[in-house]
Amino acid sequence: MVQTAHPSTPPGKQMLSEQVYAHLRDAIMRGEHAPGSPLKPQDLAKEQGVSLAVVREALVRVVGEGLADRLPNRGFAVPAFSDRRWQEIAEARRTVEPVVLRMSVERGDIEWEARVRAAHHRLARTPAYAPEEGEYYTDAWAEAHRVFHRTLLEGCGNRSLLETFDRLWTASELARRWSAHRNPDRDGVEEHRRLEEATLARDADAAAAILAQHLTLTAAALTDAPGRATRA
């Protein structure tokens, strides 16, 4: 989510804040800060060579995205891996996204159909894993995955609903990256193919049902992932 600088914010400070924010966000998403670990402004400021004010501004932004928590009298921390936390996010997605997809199927035009097809093609052709990125999904696949799911919903034409999707996706992406180990029993490629097929066939009932099941399986993976207990 793009945020503009406050009119009184000096351009130089805003640029530093953007850099620190981007670095911190990427570090959290890559797992460089373990679940539940503190994010100490003093340490981050020293590491990045910037002021405490710049770091605190960046921390507030990652808190707003659900990638960090602000703890009363205890500073900031990466969210702890909690079944309840991620199940609540999953419940919200299962409640919102199938409804928005129905709207997209009903309202989307031919240009939207073309974007859905292109987004699915990109996702299907992007490798999910790469040796240099370890056991987790690659950054390229994660972005293609986000674009596909968002494009499915863009036909709704409702900016507020899409902003809700963006917030929920970012919050759930952190848990998915922590937990998305290889699961040989799940065929995500087929799930996405069926989702695209039902959507472009303008079958709102089937598309919504497939998406709800897709999100349910993802939520289950978050709580059944190997090593989950050690991350609580």
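Figured I'd write up the structure that's included with this text.

Cut-offs used in this document
- Residues numbered from 1 in each chain as written.
- Predicted model: local features only at pLDDT ≥ 70, side-chain atom pairs only at ≥ 80, totals over all residues.
- Heavy atoms only, no water.
- Helix = DSSP H or I, 4+ residues; strand = E, 2+ residues; numbered from the N terminus.
- Expected span 1.5 Å × (residues − 1).
- Buried < 20%, exposed > 50% of the residue type's maximum accessible area, 1.4 Å probe, protein only.
- Arc of directions from axis to C-beta.
- Axes fitted to C-alpha atoms, helices over the stretch in contact; angles between N-to-C directions.
- Parallel < 35°, antiparallel > 145°, perpendicular 65-115°, else oblique.
- Contact = heavy atoms within 4.5 Å.
- Nonpolar A, V, L, I, M, F, W, Y, C, P; charged D, E, K, R; others polar.
- Phe/Tyr/Trp six-rings, centres within 6.5 Å; stacked < 30°, edge-to-face > 60°.
- Lys NZ or Arg CZ within 6 Å of the ring centre and 35° of its normal.

**Notes on helix α3 (residues 52-64)**
So, step 1. The end-to-end C-alpha distance of α3, which contains 13 residues, comes to 18 Å, matching closely the 18 Å that a straight helix rising 1.5 Å per residue would cover.
So, step 2. The set of residues buried in α3 consists of Val54, Val55, Ala58, Leu59, Arg61 and Val62. Buried residues in α3, looked at end-on, bunch into an arc of 160 degrees, giving them a common side.

**A short note on the packing of helix α4 (residues 83-107) against helix α6 (residues 139-154)**
So, step 1. In the contact formed by α4 and α6, the axes pass within 7 Å of each other and the chain directions differ by 55 degrees. One element, α4, and the other, α6, form an angle in the oblique class. Seen from α4, the contacting residues are Arg93, Glu97, Val100, Leu101 and Ser104; seen from α6, they are His149, Leu152, Leu153 and Glu154.
So, step 2. Here the residues of the contact of α4 with α6 sort into 4 nonpolar, 2 polar and 3 charged.

**Looking at the packing of aromatic side chains**
So, step 1. Counted under the stated rule, the structure contains 1 aromatic pair.
So, step 2. With centroids separated by 5.5 Å and ring planes inclined at 40 degrees, the aromatic side chains of Phe165 and Trp169 adopt a geometry described as tilted. Here Trp169 and Phe165 lie together in helix α7 (residues 159-179), a separation of 4 residues that amounts to about one turn.
So, step 3. What makes Phe165 buried here is its relative accessible area of 2%.
So, step 4. Seen from the ring of Tyr21, Arg61 lies directly overhead, with NZ or CZ sitting 3.8 Å from the centre.
So, step 5. In this structure, Arg85 is placed above the aromatic ring of Trp86, and the distance from its NZ or CZ to the ring centre is 5.3 Å.

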